[in-house]
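Here are the chains, one letter per residue:
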Number of protein chains: 2
Amino acid sequence: MTAATAVPVEADGVAPTAPDVLERCRRLVGPALAAAVERLHPWPAEMAAYSLGWCEVGGAPAPGATGGKGLRQALAVLGAEAVGAPGEAGSAGAVAVELVHTFSLLHDDVMDGDTTRRRRPTVWKAYGTGPAVLAGDALFALAVETLAAAPGAHGPAAVRLLAASLTDLVRGQADDLLFESRPWRGPGAVRPDEYRMMAEHKTGALLGSAAALGALLAGAPEETVATLDRAGRHLGVAFQIVDDVLGIWGDPRVTGKPAHGDLRRRKKTLPVLAALSTPEGAAGGLAARRLAGLLEGADALDHDGARRAADLAEEAGGRSAALAEAHRHIAAVHACLESVPLAPRPLGDLRTLLDFLLHRRL
Amino acid sequence: MTAATAVPVEADGVAPTAPDVLERCRRLVGPALAAAVERLHPWPAEMAAYSLGWCEVGGAPAPGATGGKGLRQALAVLGAEAVGAPGEAGSAGAVAVELVHTFSLLHDDVMDGDTTRRRRPTVWKAYGTGPAVLAGDALFALAVETLAAAPGAHGPAAVRLLAASLTDLVRGQADDLLFESRPWRGPGAVRPDEYRMMAEHKTGALLGSAAALGALLAGAPEETVATLDRAGRHLGVAFQIVDDVLGIWGDPRVTGKPAHGDLRRRKKTLPVLAALSTPEGAAGGLAARRLAGLLEGADALDHDGARRAADLAEEAGGRSAALAEAHRHIAAVHACLESVPLAPRPLGDLRTLLDFLLHRRL
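Quick caveat: nothing in here was measured; it's all calculated off a predicted structure.

**Brief notes about the interface of chain B and chain A**
The interface of chain B with chain A comprises 34 residues on the first partner and 34 residues on the second. Summed over both sides, the interface of chain B with chain A buries roughly 2900 Å², with 77% coming from carbon and sulfur. Taken together, the links from chain B to chain A amount to 0 salt bridges. Scanning the region where chain B abuts chain A turns up 8 residue pairs in polar contact (both at pLDDT 80 or more). If you list the elements that add at least two residues to the side of chain B that touches chain A, you get helix H3 (42–51), helix H5 (91–112), helix H7 (129–148) and helix H8 (155–179) of chain B.

**Regarding the packing of aromatic side chains**
Scanning the entire structure with this criterion turns up 5 aromatic pairs over all chains. Considering the side-chain rings of Tyr50 of chain A and Tyr127 of chain A, the 5.7 Å spacing of their centres and the 70 degrees angle between planes classify their relative orientation as edge-to-face. With Tyr50 of chain A in helix H3 (residues 42–51) and Tyr127 of chain A in helix H6 (residues 123–127), the pair connects residues that are 77 residues apart, well separated along the chain. Just as Tyr50 of chain A is buried, Tyr127 of chain A falls in that class too. In textbook terms, an aromatic cluster arises when at least three aromatic residues are bridged by ring pairs, as seen for Phe103 and Phe140 of chain A together with Phe103 and Phe140 of chain B. Its guanidinium or amino end placed over the ring of Tyr50 of chain A, Arg120 of chain A lies 4.0 Å from that ring's centre, counting from NZ or CZ. Taking the ring centre of Trp184 of chain A as reference, the NZ or CZ of Lys268 of chain A above it sits at 4.5 Å.

**Comments concerning helix H14 (residues 285–296) of chain B**
Compared with an ideal rise of 1.5 Å per residue, which puts 12 residues at 16 Å, H14 of chain B spans 16 Å between its outermost C-alpha atoms and is within 8% of the ideal. Where H14 of chain B is buried, its residues meet helix H13 (270–276) and helix H15 (303–315) of chain B.

**Points about the relation of the copies chain B and chain A**
With an RMSD of 0.0 Å, chain B superimposes on chain A once it is rotated by 180 degrees and translated 0.0 Å along the axis. Each copy turns onto its partner about a two-fold axis. When each C-alpha of chain B is compared by its distance to the rotation axis, Pro156 of chain B comes out closest, at 2.7 Å. Here 100% of the interface residues in chain B have copies in chain A that are interface residues too; the copies meet face to matching face.

**Brief notes about the state of the cysteines**
Tallying each qualifying case throughout the model produces 0 disulfides over all chains. Note on Cys336 of chain B: no disulfide assigned, nearest cysteine sulfur contributed by Cys25 of chain B at a separation of 20 Å.

**Regarding the packing of helix H5 (residues 91–112) of chain A against helix H9 (residues 192–217) of chain A**
Residues and elements named next belong to chain A. Packing of H5 against H9 brings their axes to within 9 Å, and their N-to-C directions diverge by 165 degrees. By the angle between their axes, H5 is roughly antiparallel relative to H9. Remark: the crossing between H5 and H9 carries right-handed chirality. Listed contacts from H9 to Ala92, Gly93, Val97, Val100, His101, Asp108 and Asp112 of H5 are Lys202, Leu206, Ser209, Ala210, Leu213 and Leu217. Counted by class, the contact of H5 with H9 contains 7 nonpolar, 3 polar and 3 charged residues.

**Describing the packing of H3 of chain B against H7 of chain B**
Residue and element names in this part refer to chain B. At a minimum axis distance of 9 Å, the contact between H3 and H7 shows a crossing angle of 90 degrees. Relative to H7, H3 is oriented roughly perpendicular. Facing H3, whose interface residues are Trp43, Pro44, Met47 and Ala48, H7 presents Pro131, Ala132, Leu134, Ala135, Ala138 and Leu139. Class assignment of the residues belonging to the contact of H3 with H7 gives a composition of 10 nonpolar, no polar and no charged.

**Points about the side chain of Thr269 of chain A**
All names here are of chain A. Relative to the elements of secondary structure, Thr269 occurs in the loop between helix H12 (261–264) and helix H13 (270–276). The class for Thr269 is buried, based on a relative accessible area of 2%. For Thr269, the residues in contact, after removing those within four places along its chain, are Tyr195, Asp244, Ile248 and Asp262.

**Examining the pattern of salt bridges**
Applying the stated criterion to the full structure yields 44 salt bridges over all chains. For the salt bridge of Glu194 of chain A with Arg191 of chain A, the shortest nitrogen-to-oxygen distance reads 3.9 Å. Two residues, Arg265 of chain B and Asp262 of chain B, come together in a salt bridge whose shortest N-O distance is 3.6 Å. The partly exposed category is assigned to Arg265 of chain B, whose relative accessible area is 36%. When salt bridges that share partners are traced, they join Asp168, Glu200, Asp229 and Arg233 of chain A into one network.

**What to know about the confidence of the model for chain A**
Confidence in the prediction of chain A, expressed as mean pLDDT, is 92, and 95% of residues score 70 or more. Across chain A, the secondary-structure element scoring lowest on mean pLDDT is helix H1 (residues 3–6) of chain A, at 43, and the one scoring highest is helix H4 (residues 71–82) of chain A, at 98.

**Here we look at unusual backbone geometry**
A positive phi angle is found at Arg266 of chain A, which is not glycine, with a value near 55 degrees. Relative to the assigned elements, Arg266 of chain A resides in the loop between H12 and H13. The phi angle at Arg118 of chain B is positive, at roughly 50 degrees, despite the residue not being glycine.

The rules behind these values
Each chain has its residues counted from 1, following the order in which its sequence is written. Starting at A for chains and at 1 for ligands, labels are handed out in the order in which the entities are written. At least 70 in pLDDT is required for a residue's local features to be given in this predicted model, at least 80 for side-chain atom pairs to be given and counted, and no such filter applies to totals for whole chains, interfaces and linings, which use all residues. Hydrogens and water molecules were not included; the side-chain quantities draw on all heavy atoms of the structure. We call two residues contacting when some pair of their heavy atoms lies within 4.5 Å. We define buried area as the total accessible area lost by two parts upon association, computed with a 1.4 Å probe and summed across both. One speaks of a salt bridge when a side-chain nitrogen belonging to Lys or Arg is within 4 Å of a carboxyl oxygen belonging to Asp or Glu. For this analysis, a polar contact is any N or O atom pair within 3.5 Å, provided that within protein one partner can donate a hydrogen and the other can accept it, and provided that sequence-adjacent residues contribute only side-chain to side-chain pairs. Helix numbers and strand numbers start at the N terminus; a helix is a DSSP run of H or I with at least 4 residues, a strand a run of E with at least 2. Each pair of aromatic rings taken from Phe, Tyr and Trp, with Trp reduced to its six-membered ring, is defined by centres within 6.5 Å and is described as stacked if the planes are under 30 degrees apart, edge-to-face if over 60, and tilted in the remaining cases. Buried residues are those whose accessible area, probed at 1.4 Å on protein chains only, stays under 20% of the maximum for their type, while exposed residues exceed 50% and partly exposed ones sit between those limits. Ring-over charges, as used throughout, are those where CZ of Arg or NZ of Lys falls within 6 Å of the ring centre and within 35 degrees of the ring normal. Expected span of a helix: the number of residues minus one, times 1.5 Å. For this overlay, a least-squares fit was computed on C-alpha atoms, restricted to residues scoring pLDDT of at least 70 in both copies. The term disulfide is used for any two cysteine sulfur atoms that are within 2.5 Å. Each axis is a line fitted through C-alpha atoms, and for a helix only the stretch in contact is used; angles between axes span 0 to 180 degrees, taken between their N-to-C directions. Angle categories are assigned with fixed cut-offs, so that under 35 degrees is roughly parallel, over 145 is roughly antiparallel, 65 to 115 is roughly perpendicular, and the rest are oblique. Helix crossings are classified by the rotation of the near helix relative to the far one: an anticlockwise turn of less than a right angle makes the crossing left-handed, while a clockwise turn makes it right-handed. Following the grouping adopted for this structure description, the nonpolar residues are Ala, Val, Leu, Ile, Met, Phe, Trp, Tyr, Cys and Pro, the charged ones are Asp, Glu, Lys and Arg, and the polar ones are all others, Gly among them. For every residue, the predictor reports its confidence as pLDDT, a number between 0 and 100.

Here it is, written out as structure tokens:
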């Protein structure tokens with residue numbers, strides 16, 4: 001069964017597209033998210049609103065700015081709907097995960113030194129490092145406060161679930177930063193399973209807890225909650241790999257990120273790690289050796305160097321290996337979703353999102 | 001009744017000193033705190049241990065390093081004991097507030113650009129800004145996780161209490177940072193009530209939640225929990241004022257902070273704000289005007305300039321006004337402690353701590 005055939009159609013016979021699903025969830029969560037951000041101190045509130053694409057620096061409305069897709073809030077809403085509740089049941093979870101996501105973008109951009117995100121200066125670049133750290137802290141505290149105040153009997157378990165995913169998220173970011181000082185080849189090189197674990201923690205934990213929180217707050221059985229969490233973790237690994245592929249071969253006009261940014265910073269991404277693991281003598285082995293030489297060189301990679309590295313990584317099979325790995329994790333997501341009873345229509349929406357995420361801009 | 005007469009004596013007839021009380025609480029909480037820090041990723045764990053004075057950069061033991069006093073964990077332990085429970089009942093709260101305190105030191109030092117703390121380089125100075133932000137985030141997540149996992153029926157209320165104090169803490173830090181760009185005099189100047197609110201949020205909220213969490217986890221009635229929270233908030237304001245006074249007139253060899261650091265950075269502290277509010281014509285009015293001229297000048301304050309500013313602030317009555325305000329808040333703490341039934345011995349310990357904190361190095 002392919003995802004496409006499983007998508008139920010709307011009453012008018014047209015299945016909602018992924019942007020439709022995301023938009024519906026954003027509308028459902030929007031007022032609660034805006035109300036939460038308004039509870040912040042005005043200064044972190046402005047930085048949060050800027051980061052969410054709601055305003056410019058200074059607080060003026062930003063009609064042209066693009067916020068995030070709102071993937072995490074959508075997963076929380078669909079998690080609630082998939083276990084037979086209205087999407088509103090997952091609302092506190094949706095707000096909490098969007099706040100955590102925004103916090104993590106603010107702090108990650110500080111740690112990674114990234115200067116642009118979604119075609120605008122990052123928060124630390126626009127407001128300063130200290131203020132960006134402060135705004136992230138404020139969002140973190142607000143996320144916990146929001147979930148701890150959620151009505152119903154499931155609040156405490158929800159806070160435990162979010163706290164565990166926060167710990168994983170920080171752990172993944174720590175590993176990602178430490179990968180930078182590891183060698184490209186040899187016994188100290190980053191192994192693919194280390195990369196997967198990093199991606200699961202850094203990206204998957206929050207996606208997993210988003211879907212799981214929606215179901216949990218809606219009163220789903222423990223097994224369903226755990227399965228949605230696992231599904232989100234696989235999705236996170238796939239998502240991260242697709243991001244890495246886009247970071248090397250994506251069109252900067254579409255991704256909004258600088259061309260070959262990850263290669264120029266010598267970031268240890270799966271496509272490159274996979275390319276380098278192609279053995280001597282195999283097809284692509286020569287390209288792998290050349291790629292390693294380029295990355296291990298003392299010189300910073302300029303535009304041409306990064307382009308050559310991207311070509312070599314593709315020639316050495318890194319792109320196709322990474323995409324195959326992403327497809328394996330997407331298959332695992334689908335397997336998770338089939339292993340527990342879920343309502344057909346939100347399940348269809350979830351599958352639509354998965355297809356969209358894997359195929360976006362590739 | 002003075003605090004001194006209210007301190008009960010030990011079985012051997014000698015009342016414990018404040019260092020005795022702090023040491024006893026540190027021993028009681030120590031193993032749980034160490035176990036929590038060990039659950040962190042090794043990298044943030046080392047930075048946390050460094051910040052706590054447990055190790056040097058690189059992880060080697062630091063027998064000579066001084067950690068914090070452990071005031072917050074002591075308040076949580078005494079909060080539990082004061083409502084008739086063993087101190088262990090407050091342990092999860094004690095660990096959580098120490099972790100939050102460590103998180104806030106790490107991030108505040110980044111935001112304030114402070115390079116030394118307790119005579120050692122600050123974490124961002126020793127490990128880098130990004131890693132310090134990461135370690136703070138890890139501690140924050142661990143604090144929430146620890147409290148969310150606390151056994152007993154009071155975990156959810158405890159998490160709500162901690163989350164509210166986290167929000168206040170960030171709010172106070174935001175105001176403190178924003179004070180820097182406010183004028184020294186005129187309608188835009190920082191008013192004393194704004195300063196008090198900032199100090200209550202930045203310093204008092206966590207001290208309040210420390211004592212309140214101990215009592216809450218031990219099953220105390222709501223009114224007792226709220227009263228201990230209020231007591232801690234008053235203590236925080238007093239504590240912050242004493243810190244400010246020490247930052248201007250304290251002996252750097254004792255405080256471990258650079259001489260006149262706050263003055264040289266033109267930080268808006270209560271002693272200076274109080275000095276500047278002395279009206280023209282009143283005793284000290286001339287000194288106030290001279291002080292304002294010095295602080296409003298374009299030149300950075302060098303050692304002599306800062307010393308002159310300190311002398312003028314004292315002459316204008318800033319030091320005595322600040323200390324009088326601190327004493328008012330300490331009196332409010334004592335009034336809180338007398339308004340609810342508390343066990344005599346831990347109450348005595350609490351009062352011993354208060355005396356110690358107010359009179360330390362002054």
